[in-house]
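Each chain, written out:
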Amino acid sequence: DLPGITRIARDGQQVDGKELERLILRMSRRYCEPQESVILNVVSAMVDFSTSASLQLSQELDPTSRRTLLCVTKIDQHAEEGLAKKLKVAASQMRLRPERVFAVRNRKQQENEGQVS
């Protein structure tokens, strides 16, 4: 489990945002480069996939997508039409087979209270 790729340092961190991004990318490359590693990208449905640093990095490290999985979270909060198309386009661009793409919906409060599994 690696940290998300960020470009903004928090208050109290000893590095600036660009250096923090370089550190995280270097660490991510070190863990994802070995061919036996599986690359699991966890991305919110609300972001533009084409600008996702983690998706770009996985395409760089696994150009054939043999080791790459895509998990899209918060699909219940995606307000725009066309989420299915967005997922298909991302899978196509990354050369991912459909069984390597997962969409995750958060449970609603009613479901929690009703103990719906």
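Please refer to the structure higher up on the page.
Bear in mind the structure is a predicted one, so any value in this text is a computation, not a measurement.

Colleague: In this structure, what is going on with the pattern of salt bridges? I would like to understand it.
Modeller: A side chain of one charge can pair with a side chain of the opposite charge when the charged atoms of the two come close. Evaluation of the coordinates by the stated rule reveals 4 salt bridges. Residue Arg 29 is joined to Glu 60 by a salt bridge in which the shortest nitrogen-to-oxygen separation is 3.1 Å. On the criterion of sequence distance, the pair formed by Arg 29 in helix α1 (residues 17-32) and Glu 60 in helix α2 (residues 53-61) is long-range, its members being 31 residues apart. According to the relative accessible area criterion, Arg 29 is partly exposed, its value standing at 27%.

Colleague: Explain the sheet that holds strand β2 (residues 68-73) here, please?
Modeller: Across a sheet, strands are paired by hydrogen bonds formed along the backbone, either parallel or antiparallel in direction. Reading across from one edge, β1-β2-β3 is the order of the 3 strands in this open sheet, with parallel pairing throughout. Two strands bound the open sheet, and with one partner strand each, they are β1 (39-44) and β3 (101-103). Across the sheet, the mean angle separating the axes of adjacent strands is 15 degrees when strand polarity is ignored. Against the sheet, α2 touches β1 and β2, its axis set at about 160 degrees to β1.

Colleague: Is there a simple way to explain α1 in this structure?
Modeller: Since the α-helix advances by 3.6 residues per turn, residues separated by three or four positions end up pointing in the same direction. Taking 1.5 Å of rise per residue, the 16 residues of α1 would be expected to cover 22 Å, and the 22 Å separating its terminal C-alpha atoms lies within 8% of that figure. Taken together, the buried positions of α1 are Gly 17, Leu 20, Glu 21, Ile 24, Leu 25, Ser 28 and Cys 32. The buried residues of α1 occupy an angular sector of 130 degrees when the element is viewed end-on, so they sit on one face. Exposed residues pointing more than 90 degrees away from the buried face of α1 are listed as Arg 26 and Arg 30. Against the buried residues of α1 lie β1 and α2.

Calculation notes
Residues numbered from 1 in each chain as written. Predicted model: local features only at pLDDT ≥ 70, side-chain atom pairs only at ≥ 80, totals over all residues. Heavy atoms only, no water. Salt bridge = Lys/Arg side-chain N within 4 Å of Asp/Glu carboxyl O. Helix = DSSP H or I, 4+ residues; strand = E, 2+ residues; numbered from the N terminus. Buried < 20%, exposed > 50% of the residue type's maximum accessible area, 1.4 Å probe, protein only. Pairing = 2+ DSSP bridges. Axes fitted to C-alpha atoms, helices over the stretch in contact; angles between N-to-C directions. Contact = heavy atoms within 4.5 Å. Expected span 1.5 Å × (residues − 1). Arc of directions from axis to C-beta.

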